[in-house]
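The primary structure of each chain is shown beneath.
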Amino acid sequence: RTGVLPNATLNVDISPEYMGVGYVIGPRIAGVMFAGGVLSWLVLLPLFSIFGNYLTVPFPPVPANGLQISQMSPGQLWSAYIRYTGAGAVLAAGLITLARTIPTIVSSFRDSVRDFSAKTGTGSARTRTERDMPMTLVLAGTLLLALFLALAPRLPTQGNFMASVLVVIFGFFFVTVSSRIVGLIGSSSNPISGMTIATLILTCTIFVALGWTGDAYSPIALCVGAVVCIGAATAGATSQDLKTGYIVGATPIYQQYGLIIGVLVSALIIGYTTLYLHNVMTIGSDALPAPQATLMSTIIHGLLSQNLPWSLL
């Protein structure tokens, strides 16, 4: 904490969940995440602390407590400065990944639109292994979702309507991209984070252009990003399931009905589980941290309030 590396902090948080995640993502990605922690707590924090010794006024963005850097603890430094730097790293990684997949995105979207226009009727003339859910049912479900979002309570009416429109537009585009990329390349190449961040940025930019900059519009932007994110993730999983079904000779329409049931059941169970965890442990606290949710909140509030610290990002 003192000397050559002032405020350098080494924390150890060992848990079965983290060990399991590390095993799943592999040593390379786990090493990158570990390197991010080293960069934050053993490089940037001491650098800010050394730099702060020569300042006589709070360094922007000014923390809520108005303290100077030399007066702040490591945790306060992380919240005021390092958090935005990390958010910028994740934002840049997501956008770079999204940019790298633009050729695949364009071709996937073009092929999907062609396939969409070619699907007519219920597909009764097709063979059993090529029978898909009728397009009329897909469109009806999309309109039902949009109507639900438009009429959802506790949100501004005009914001609800705009959210439903944006969900349909962004959802159609990014779900198509996710499904095609996973089907052609694999789930590891699915840029869900980049598509979610792009959705949030575009949604907040539209809101700012319309003059919707109040706190009441933050949850609307979050809902748009969350629905598109979950839709893209589900589309990728659906492509993997349908690929497997094609190999073993399954009937796609029955797989799709099963996936709908699974999504509805899991949404109810996960929804109540999330509310229970929040009531007991408070999501976002030290007991139950939520880094991705914190990143999304930082982007949304910063864009809508137009005071995002772009230099740190």
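Residues numbered from 1 in each chain as written. Predicted model: local features only at pLDDT ≥ 70, side-chain atom pairs only at ≥ 80, totals over all residues. Heavy atoms only, no water.

**Topic: the packing of aromatic side chains**
Phase 1: All told, the structure shown has seven aromatic pairs when counted by the stated rule.
Phase 2: Consider the rings of Phe207 and Tyr217, whose centres lie 6.2 Å apart with planes at 65 degrees: the pair is edge-to-face. Residue Phe207 is located in helix 6 (residues 192-209), and its partner Tyr217 is located in the loop between helix 6 and helix 7 (218-248); the two are separated by ten residues in the primary sequence. Across the pair, exposure class does not vary: Phe207 and Tyr217 are buried alike.
Phase 3: The interplanar angle of 10 degrees and the centroid separation of 5.2 Å between the aromatic rings of Trp212 and Tyr217 together place this pair among those described as stacked.
Phase 4: For Trp212, a relative accessible area of 14% translates into the label buried.
Phase 5: Aromatic ring contacts, followed pair by pair, group Phe170, Phe173 and Phe174 into a single cluster.
Phase 6: Its guanidinium or amino end placed over the ring of Tyr84, Arg83 lies 4.9 Å from that ring's centre, counting from NZ or CZ. (Phe/Tyr/Trp six-rings, centres within 6.5 Å; stacked < 30°, edge-to-face > 60°. Helix = DSSP H or I, 4+ residues; strand = E, 2+ residues; numbered from the N terminus. Buried < 20%, exposed > 50% of the residue type's maximum accessible area, 1.4 Å probe, protein only. Lys NZ or Arg CZ within 6 Å of the ring centre and 35° of its normal.)

**Details of the side chain of Ser164**
Phase 1: Along the chain, Ser164 turns up in helix 5 (residues 157-184).
Phase 2: The exposure class assigned to Ser164 is buried, which follows from its relative accessible area of 5%.
Phase 3: With near-sequence residues (within four places) excluded, Ser164 lies in contact with Ala146, Leu149 and Ala150. (Contact = heavy atoms within 4.5 Å.)

**Regarding unusual backbone geometry**
Phase 1: Here the phi dihedral of Asn7 falls at roughly 65 degrees; this positive angle occurs in a residue that is not glycine.
Phase 2: The buried category is assigned to Asn7, whose relative accessible area is 11%.
Phase 3: In this structure, Thr282 is a non-glycine residue whose phi angle is positive, near 65 degrees.
Phase 4: By the element assignment, Thr282 lies in the loop between helix 8 (252-281) and helix 9 (291-305).

**Describing the packing of helix 1 (residues 16-52) against helix 2 (residues 74-100)**
Phase 1: For the pair helix 1 and helix 2, interaxial distance at closest approach is 10 Å and the crossing angle is 105 degrees. Comparing their axes, helix 2 and helix 1 come out roughly perpendicular. Along its contact with helix 1, which presents Ser40, Trp41, Leu44, Leu45, Phe48 and Ser49, the element helix 2 presents Pro74, Leu77, Trp78, Tyr81, Ile82 and Thr85.
Phase 2: Residue composition of the contact of helix 1 with helix 2, by class: nine nonpolar, three polar and no charged. (Axes fitted to C-alpha atoms, helices over the stretch in contact; angles between N-to-C directions. Parallel < 35°, antiparallel > 145°, perpendicular 65-115°, else oblique. Nonpolar A, V, L, I, M, F, W, Y, C, P; charged D, E, K, R; others polar.)

**Brief notes about helix 8**
Phase 1: In a regular helix each residue adds 1.5 Å, so 30 residues correspond to 44 Å; helix 8 covers 41 Å between its end C-alpha atoms and thus fits that length.
Phase 2: Pro252, Ile253, Gln255 and Gln256 are the residues of helix 8 that are buried.
Phase 3: Residues of helix 8 that are buried make contact with helix 7.
Phase 4: Of the residues trailing helix 8, Thr282 is marked for its positive phi of about 65 degrees. (Expected span 1.5 Å × (residues − 1).)

**Let's talk about the environment of Met19**
Phase 1: Following the sequence through the fold, Met19 ends up in helix 1.
Phase 2: Under the relative-accessibility criterion, Met19 is labelled exposed at 60%.
Phase 3: Between the C-alpha atoms of Met19 and Ser193, which are 174 residues apart in sequence, the distance is 22 Å.

Any functional reading would require information beyond the geometric quantities listed.
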